[in-house]
Amino acid sequence: MTEEIIIAGFGGQGVLSMGKILAYSGIMQDQEVSWMPSYGPEMRGGTANVTVILSDERISSPILTEFDTAIILNQQSMDKFEKGVKKGGLLLYDPNGIIHHPTRTDIDIYTINGAELAAEMGNPKIFNMIVLGAFLKIKPIVKLDNVIKGLKKSLPERYHNLIPLNQSAIEKGMQMVKAK
Amino acid sequence: MGELKLMKGNEAVAEAMIREGVDGYFGYPITPQSEVIEYLTTEEPHKRTGMVVLQAESELAAINMLYGAAGTGKKVATSSSSPGISLKQEGISYIAGSELPCVIINVVRGGPGLGTIQPSQADYFQATKGGGHGDYHLYVLAPSSVQEMADFVEDAFEMAFKYRTPVMILSDGVIGQMMEKVELKPQKKRLTDAEVIKKYGSWATVGRVGGRERNIITSLDLDSHKMEAHNIHLQSKYEQMKKEDVRYEELQTEDAEYIIVAYGSSARISQKVIQLARKDGIKLGVLRPITLFPFPEKPIQELAKRVKGFLAVEMSAGQMVEDVKLAVNGKVKVEHYGRNGGIVPTPGEVYEALKQKIIGG
């Protein structure tokens, strides 16, 4: 199994940390992982993306132009990465702020109202975990308990009290994801 | 199985230095390697092992601190990225001339000048052909994964002390910034002063032990005959490296008709090209130099006897390709494909270049 994923949105949305948790979850189930961010003079409000690969084999290129899954969280990223999804691949996006919705018919398209749900749950910071939950419902490439283990590894201990909140956000995402 | 962590290349190399029992690190921050000193200062290794971590006032100060500390037989290292490494070249030449062991990490970014903060491999000439003035080489290791960023710290110090020479770990912004699974080695003990005197007292400035002549560390000798003899001695070390310590990896070369030669992150991208090419029935293999100096000439010579062509893939305008051409020596076609200024080539474009320049050309 190899899953090549791009997660793209605004800086501050938790794009890079969502990727990190996914990568750690892969390690928890003995997979090879890579996490390659777009880095540069970006800051909050700018665009951010990360390529995450989980595989049972040694990973070749950490930098890719075609993906099994694209998780898209703003319009700029939609413009850039819709075309990069492999035929038969998955595009998951939050329609909040999207003006030009995806038009491809040769891929699976799902939506998750992550921003809206996070606001309803009273904490905009759990947005990325709702989106992660939505992704894992469609493609259960890592088990939920490995995600929780991954969260424990990637969060400093002083934030471990927030793990139940993150878990409920993941579960919310799993319930609310919709096929388009 | 050691401890598994998800780390950036820059963090892995820093943690590996602590675990290697390094005595001192002297550095100055620069993107894309600032996480090295950031990690070291956050981790406070003086509490774990007694290791000194010092942010110098400049790259020049850092390299000269390294020079002085290396002279005492201690295990010492520095790191920087391209423009900072250029600033360090005078000191590196002095360290090579004075025959001192140390490790220098270069997480390469695009140049020339201040260039860009994005990944590049355009410091190949500087790393392998000297860099500073005079006839000298560094022993140069090129990691292509986060695991190797960690593992090569131990290997680099082994070579540094074997040859009493500065060793460079030549990385790039991709390997420095990406996170991968890394298995960390157990903590080694730092050598005590008594152990350093016993092991390196014959050359290091550790005080006059047992009334012997004083050890003098210098790169200066105004007697040209002595300086020529010193140069011949240095060259004999480089010849010994070529005989004993060349490292490389061959991937799917057994039946290959075409070979990509690539190191570091370009080697990772080229591994993906193997998959693309083999899907189309093209027998492609990759030769990955792990040491850039000494360069793996012999395996390339061997492959040149049976393959149809070589493509050197590097994030530069064509530097390593010259060493590939020297090794192939005109037997078959050698071409170069690269991107510059911080642009990382995609597997697809490398595959296209292979088809156009080597297979179709």
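Residues numbered from 1 in each chain as written. Chains lettered and ligands numbered in written order. Predicted model: local features only at pLDDT ≥ 70, side-chain atom pairs only at ≥ 80, totals over all residues. Heavy atoms only, no water.

**Student:** Please clarify how the pattern of salt bridges should be interpreted in this entry.
**Tutor:** It is possible for side chains bearing opposite charge to pair when their charged atoms get close. Residues and elements named next belong to chain B. This structure, assessed with the given rule, holds 33 salt bridges over all chains. Here Lys75 makes a salt bridge to Glu20, at a shortest N to O gap of 2.8 Å. One end of the pair, Lys75, is in the loop between α4 (59-70) and β4 (76-80); the other, Glu20, is in helix α1 (residues 9-20), and 55 residues separate them in sequence. The residues Lys75 and Glu20 share a single accessibility class, namely buried. (Salt bridge = Lys/Arg side-chain N within 4 Å of Asp/Glu carboxyl O. Helix = DSSP H or I, 4+ residues; strand = E, 2+ residues; numbered from the N terminus. Buried < 20%, exposed > 50% of the residue type's maximum accessible area, 1.4 Å probe, protein only.)

**Student:** Can you help me understand the packing of aromatic side chains in this one?
**Tutor:** All names here are of chain B. A full pass over the atoms with the stated rule returns seven aromatic pairs over all chains. Seen in terms of ring centroids, Tyr124 and Tyr263 are 5.8 Å apart; in terms of plane orientation they differ by 40°. Their pairing is tilted. Taken together, the residues span a long stretch of sequence, with Tyr124 in helix α7 (residues 124-128) and Tyr263 in the loop between β10 (258-261) and α12 (264-279) at a distance of 139 residues. Exposure remark for Tyr124: the relative accessible area of 0% places this residue in the buried category. Counting every residue linked through ring pairs, the aromatic cluster contains Tyr124, Phe125 and Tyr263. The side chain of Lys75 reaches across the aromatic face of Phe157, ending 5.8 Å from its centre. (Phe/Tyr/Trp six-rings, centres within 6.5 Å; stacked < 30°, edge-to-face > 60°. Lys NZ or Arg CZ within 6 Å of the ring centre and 35° of its normal.)

**Student:** What should I look at first to understand the nonpolar core in this one?
**Tutor:** Generally speaking, a soluble globular protein has its nonpolar side chains buried in company with each other. Ranked by internal contacts, the top residues of the largest apolar core, which has 117 residues, are Met17(B), Ile260(B), Phe310(B) and Val324(B). When residues in this core are grouped by element, the largest group, 11 residues, is from helix α8 (residues 146-163) of chain B. (Core = buried A, V, L, I, M, F, W, Y, C linked by side-chain atoms within 4.5 Å.)

**Student:** Just to check I follow, could you spell out the domain arrangement of chain B for this structure?
**Tutor:** Interface size is often expressed as the accessible area that is lost when the parts come together. Residues and elements named next belong to chain B. Here chain B is described as being made up of domain 1 (3-184) and domain 2 (249-359). Between the C-alpha centres of domain 1 and domain 2 there is a distance of 27 Å. Residue-level contacts link 29 residues of domain 1 with 25 residues of domain 2. For the pair domain 1 and domain 2, the interface holds three salt bridges. Across the pair Arg268 and Glu180 runs a salt bridge whose closest N-O atoms are separated by 2.7 Å. At the junction of domain 1 and domain 2, the tally comes to 18 residue pairs in polar contact (both at pLDDT 80 or more). (Domains from an automatic or database assignment. Contact = heavy atoms within 4.5 Å. Polar contact = N/O pair within 3.5 Å; in protein donor to acceptor, adjacent residues only side chain to side chain.)

**Student:** How should I be thinking about the packing of helix α13 (residues 297-304) of chain B against helix α14 (residues 320-328) of chain B in this particular structure?
**Tutor:** Working note: a packed helix pair is described by the angle between its axes plus the distance between those axes. Residues and elements named next belong to chain B. With their axes 8 Å apart at the nearest point, α13 and α14 run at an angle of 60° to one another. Between α13 and α14, the angle is such that the two are oblique. Crossing of α13 against α14: the hand is right-handed. The segment α13 lies against α14, with Glu297, Ile300, Gln301 and Ala304 engaging Val324, Ala327 and Val328. Taken together, the residues of the contact of α13 with α14 break down into five nonpolar, one polar and one charged. (Axes fitted to C-alpha atoms, helices over the stretch in contact; angles between N-to-C directions. Parallel < 35°, antiparallel > 145°, perpendicular 65-115°, else oblique. Left-handed = near helix turned anticlockwise from the far one by under 90°. Nonpolar A, V, L, I, M, F, W, Y, C, P; charged D, E, K, R; others polar.)

**Student:** Any chance you could explain the pairing of strand β3 (residues 47-55) of chain A here in plain terms?
**Tutor:** Each regular strand displays side chains that alternate between the two surfaces of the sheet. All names here are of chain A. The element β3 is largely enclosed, with a buried count of eight among its nine residues. One ladder, built from nine bridges, connects strand β1 (residues 2-10) with β3; its direction is antiparallel. Across the sheet, the residue bridging to Ile5 is Val52, located in β3. The pairing of strand β2 (residues 32-37) with β3 spans six bridges and is classified as antiparallel. For Pro37, the partnering residue across the bridge sits in β3 and is Val50. (Pairing = 2+ DSSP bridges.)

**Student:** Which parts of the structure should I look at to understand the interface of chain A and chain B?
**Tutor:** With 25 residues of chain A at the interface, the matching set in chain B holds 26 residues. Linking chain A with chain B are three salt bridges. Residue Lys181(B) is joined to Glu32(A) by a salt bridge in which the shortest nitrogen-to-oxygen separation is 3.5 Å. For the side of chain A that touches chain B, the elements supplying multiple residues, two or more each, are α1 (15-28) and β2 of chain A. Of the residues forming the side of chain A that touches chain B, the biggest block, six residues, is contributed by β2(A).

**Student:** Would you mind going over unusual backbone geometry with me for this structure?
**Tutor:** For residues besides glycine, phi is generally negative; the peptide bonds are generally trans as well. Of note, the bond from Thr31(B) into Pro32(B) is cis; its omega dihedral lies within 30 degrees of zero at 5°. Structurally, the position occupied by Pro32(B) is in the loop between β2 (24-27) and α2 (34-43). Residue Pro112(B) is bonded to the preceding Gly111(B) through a cis peptide linkage, with omega at 0°. Relative to the helices and strands, Pro112(B) is located in the loop between β5 (102-108) and α7. Backbone geometry at Asp30(A) places phi at a positive 65°, although glycine is not the residue there.

**Student:** How should I be thinking about the sheet that holds strand β9 (residues 248-251) of chain B in this particular structure?
**Tutor:** Residues and elements named next belong to chain B. Spatially, the five strands line up as an open sheet ordered β9-β11-β10-β13-β14, and their pairing is mixed. What marks the edges here is a single partner per strand, and that holds for β9 and β14 (333-337). Averaged over all pairs of adjacent strands, the angle between their axes in this sheet comes to 20°, without regard to strand direction. As paired strands, strand β13 (residues 309-313) and β14 are joined by five bridges and run parallel to one another. The residue bridging Ala312 from the neighbouring strand is His336, located in β14. Across the face of the sheet, α12 comes into contact with β9, β10, β11 (284-289) and β13 while running at roughly 170° to β11.

**Student:** Quick question: what am I supposed to make of the side chain of Gln89(B) here?
**Tutor:** Tracing the sequence through the fold places Gln89(B) in helix α6 (residues 89-97). Gln89(B) gets classed as buried once you look at its relative accessible area, which sits at 8%.

**Student:** Hey, could you run me through helix α5 (residues 144-154) of chain A in this one?
**Tutor:** Residues three or four positions apart in an α-helix share a direction because the helix packs 3.6 residues into each turn. Taken together, the buried positions of α5(A) are Asn146(A), Val147(A), Ile148(A), Gly150(A), Leu151(A) and Ser154(A). Residues of α5(A) that are buried in the fold lie against α1, α4 (127-138) and α6 (163-176) of chain A.

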